[in-house]
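Structural overview
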Amino acid sequence: MTTDSIRQQYRKIIALLDRKELASALSQLDTFLQGINDWPLHEELDEIKTSYEYMLAYLKNGSEDPQRHSLHKQLLARAYRMSDRIRLLHFRQTETTLLAENLRTQQQLPPRPLQELLLELELFHDTAPSLPSLSEAGLQELLTSAERHEQARRGLFYSTWASYFWTPADKENAQALLTSEKVASLDKQLFISALTLSLFDHFDPQKAELLLQTLLQTSSPDEDAALYARLLTGTALTAYFHARQFALYPSVSALLDLLRDKPHFASSLATLQLQLLYSRESPKTEVRIKEEILPDFISRTKKQMDKFH
């Protein structure tokens, strides 16, 4: 398949899933999976089809099935996930983008585990302040430590951005990094940026949960304003681009509901929306934004904020 045909086929499947036309989407996934030598994926597609056929059989027989809606959501979520997995496997073979190159590199040379990168980042925190900066030996030691620290940062960014789907253990390791007092805020910000880029490419519930949970654990935006801004931006844009998939995962939806109750969340989100709006407009339309759009937006935002209290 060519790059264009891969994109077209993927968009067609996603459009079908967005309309909840699961039968048609599964048929298209069959075609999309051709040429992919990954038997677990073929077996999973067969499992989804079988489960869907059983669900339809219950409906035709008029049998009561209280779990039907929940099962349908699960099948949709699995189909979305499978679509992304197949697309990434195709692109790893055909694309020339930086992301595809990193996917190919990681296939040949697996990245360093996150636990190892975390130890490297914490080690820099422990050793850098004690290095004697005035001696030549101390300066060389500082440069070596800084170089290892930068390599760890690069490894963290690229391995996170080019990651497929996390396991609960992966999310646990990422939480350890974000909660470590020995990891610098700039390193955490870089990690959140890589996480956001990964979520732009495909929705991963484990990564989405991590963003939401970290936002919930932040007492206020002033605690670490730069880190909070990246967390909020990543969460908001992920929810915007993957709204339908958000709704398919009860754990993600529940965290979002809890986040809405945070007193500072609505006002922070309103500020972010304004900044994103400004970033899309040219100076020629700035007057119109201030005089027409902004007053109406503030009014509507205030009404939305009132609902959260």
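Read on for a plain summary of the structure. (Residues numbered from 1 in each chain as written. Predicted model: local features only at pLDDT ≥ 70, side-chain atom pairs only at ≥ 80, totals over all residues. Heavy atoms only, no water.)

Considerations on the overall build of the protein chain
Just so we agree on the cut-off: Secondary structure follows DSSP: runs of H or I at least 4 residues long count as helices, runs of E at least 2 residues long count as strands, and numbering of each begins at the N terminus. Whether two residues are in contact is decided by their heavy atoms: any pair within 4.5 Å suffices. The Shrake-Rupley method, run with a 1.4 Å probe sphere, supplies the accessible areas, and residue values consider only the shown protein chains as cover.
When its secondary structure is counted, the protein chain shows 15 helices and zero strands. When contacts within the protein chain are restricted to residue pairs at least 6 apart in sequence, long-range pairs at least 24 apart make up 72% of them. For the protein chain, the accessible area works out to roughly 17600 Å², and carbon and sulfur atoms hold 54% of it.

So, the environment of leucine 211
Among the secondary structure elements, leucine 211 is positioned in helix 10 (residues 205-217). Note: C-alpha distance between leucine 211 and threonine 238 (27 residues apart in sequence) is 9.7 Å. Residues in contact with leucine 211, not counting those within four places in the same chain, are Ile192, Leu195, Leu199, Leu231, Gly234, Thr235 and Thr238.

Digging into the side chain of serine 83
Looking at the element boundaries, serine 83 is found in helix 4 (residues 68-94). Apart from the residues within four sequence positions on either side, serine 83 is in contact with Tyr10, Ile13, Ile14, Leu17, Leu29 and Phe32.

Observations regarding the pattern of salt bridges
Test applied: We count a salt bridge whenever a side-chain nitrogen from Lys or Arg sits within 4 Å of a carboxyl oxygen from Asp or Glu. Per-residue accessibility, obtained with a 1.4 Å probe over protein chains only, is compared with the maximum for each type, and a residue is labelled buried under 20%, exposed over 50%, and partly exposed between these values.
Under the definition given, this model contains 16 salt bridges. Residue lysine 49 is joined to aspartate 30 by a salt bridge in which the shortest nitrogen-to-oxygen separation is 2.1 Å. In this pair, lysine 49 is assigned in helix 3 (residues 39-60) and aspartate 30 in helix 2 (residues 22-32), connecting sequence segments 19 residues apart. Using a relative accessible area of 34% as the deciding quantity, one classes aspartate 30 as partly exposed. A salt bridge links glutamate 116 to arginine 112; the shortest N-O distance between them is 2.8 Å. A residue is classified by how much of its surface remains accessible, and glutamate 116, at 38% relative accessible area, is partly exposed. Each of the salt bridges in this network shares a partner with another, and the network as a whole consists of Glu44, Glu47, Arg78 and Arg85.

A word on the nonpolar core
Across soluble globular proteins, you tend to see nonpolar side chains buried next to one another. Test applied: Nonpolar cores are built from buried Ala, Val, Leu, Ile, Met, Phe, Trp, Tyr and Cys residues. Side-chain atoms within 4.5 Å join them into one set.
Leu17, Leu22, Leu29, Ile86, Leu177 and Phe191 are the most contacted members of the largest nonpolar core, which totals 61 residues. Looking at which element gives the most residues to this core, the answer is helix 4, with nine residues.

Some details on helix 11 (residues 225-241)
Note the cut-off: Expected helix span is computed as 1.5 Å times (number of residues minus one).
Taking 1.5 Å of rise per residue, the 17 residues of helix 11 would be expected to cover 24 Å, and the 24 Å separating its terminal C-alpha atoms lies within 8% of that figure. Among the residues making up helix 11, those that are buried are Leu227, Tyr228, Leu231, Leu232, Gly234, Thr235, Leu237 and Thr238. Lining the buried residues of helix 11 we find helix 9 (185-201), helix 10, helix 12 (243-246) and helix 14 (265-280).

A look at the packing of helix 9 against helix 11
Spelled out, the test is: Working convention: axes come from line fits to C-alpha atoms, limited for helices to the stretch in contact. Angles between N-to-C directions cover 0 to 180 degrees. In this scheme, roughly parallel covers angles under 35 degrees and roughly antiparallel covers those over 145, while 65 to 115 is roughly perpendicular and the rest are oblique. Only Asp, Glu, Lys and Arg are considered charged, only Ala, Val, Leu, Ile, Met, Phe, Trp, Tyr, Cys and Pro nonpolar, and every remaining residue, Gly among them, polar.
Contact geometry for helix 9 and helix 11: axes closest at 9 Å, N-to-C directions at 5°. With respect to their mutual orientation, helix 9 and helix 11 come out roughly parallel. Along the contact surface, helix 9 presents Ser185, Lys188, Gln189, Leu190, Ile192, Ser193, Thr196, Leu199 and Phe200, while helix 11 presents Ala226, Leu227, Arg230, Leu231, Gly234, Leu237, Thr238 and Phe241. Considered class by class, the residues forming the contact of helix 9 with helix 11 number nine nonpolar, six polar and two charged.

Let's talk about unusual backbone geometry
Here the phi dihedral of lysine 20 falls at roughly 60°; this positive angle occurs in a residue that is not glycine. Along the chain, the position of lysine 20 falls in the loop between helix 1 (3-18) and helix 2. Residue lysine 20 is classed as exposed on the basis of its relative accessible area of 53%.

A short note on the environment of leucine 177
Mapped onto the secondary structure, leucine 177 falls in helix 8 (residues 168-179). By relative accessible area, leucine 177 is classed as buried at 0%. Between the C-alpha atom of leucine 177 and that of glutamine 115, which follows or precedes it by 62 residues, the distance is 8.3 Å. Contacts of leucine 177, omitting those with residues within four sequence positions, involve Leu114, Leu118, Leu121, Leu156, Val183, Lys188 and Phe191.

Observations regarding the packing of helix 3 against helix 4
Our working rule: Left-handed describes a crossing whose near helix is turned anticlockwise from the far helix by less than a right angle; the clockwise case is right-handed.
For the pair helix 3 and helix 4, interaxial distance at closest approach is 11 Å and the crossing angle is 155°. Between helix 3 and helix 4, the crossing angle belongs to the class labelled roughly antiparallel. The element helix 3 and its partner helix 4 pack so that their crossing is left-handed. Of the residues in helix 4, those in contact with Leu41, Glu44, Leu45, Glu47, Ile48, Ser51, Tyr52, Met55 and Leu59 of helix 3 are Arg68, Leu71, His72, Leu75, Arg78, Ala79, Met82, Arg85, Ile86 and Leu89. In terms of residue class, the contact of helix 3 with helix 4 is made up of 12 nonpolar, two polar and five charged.

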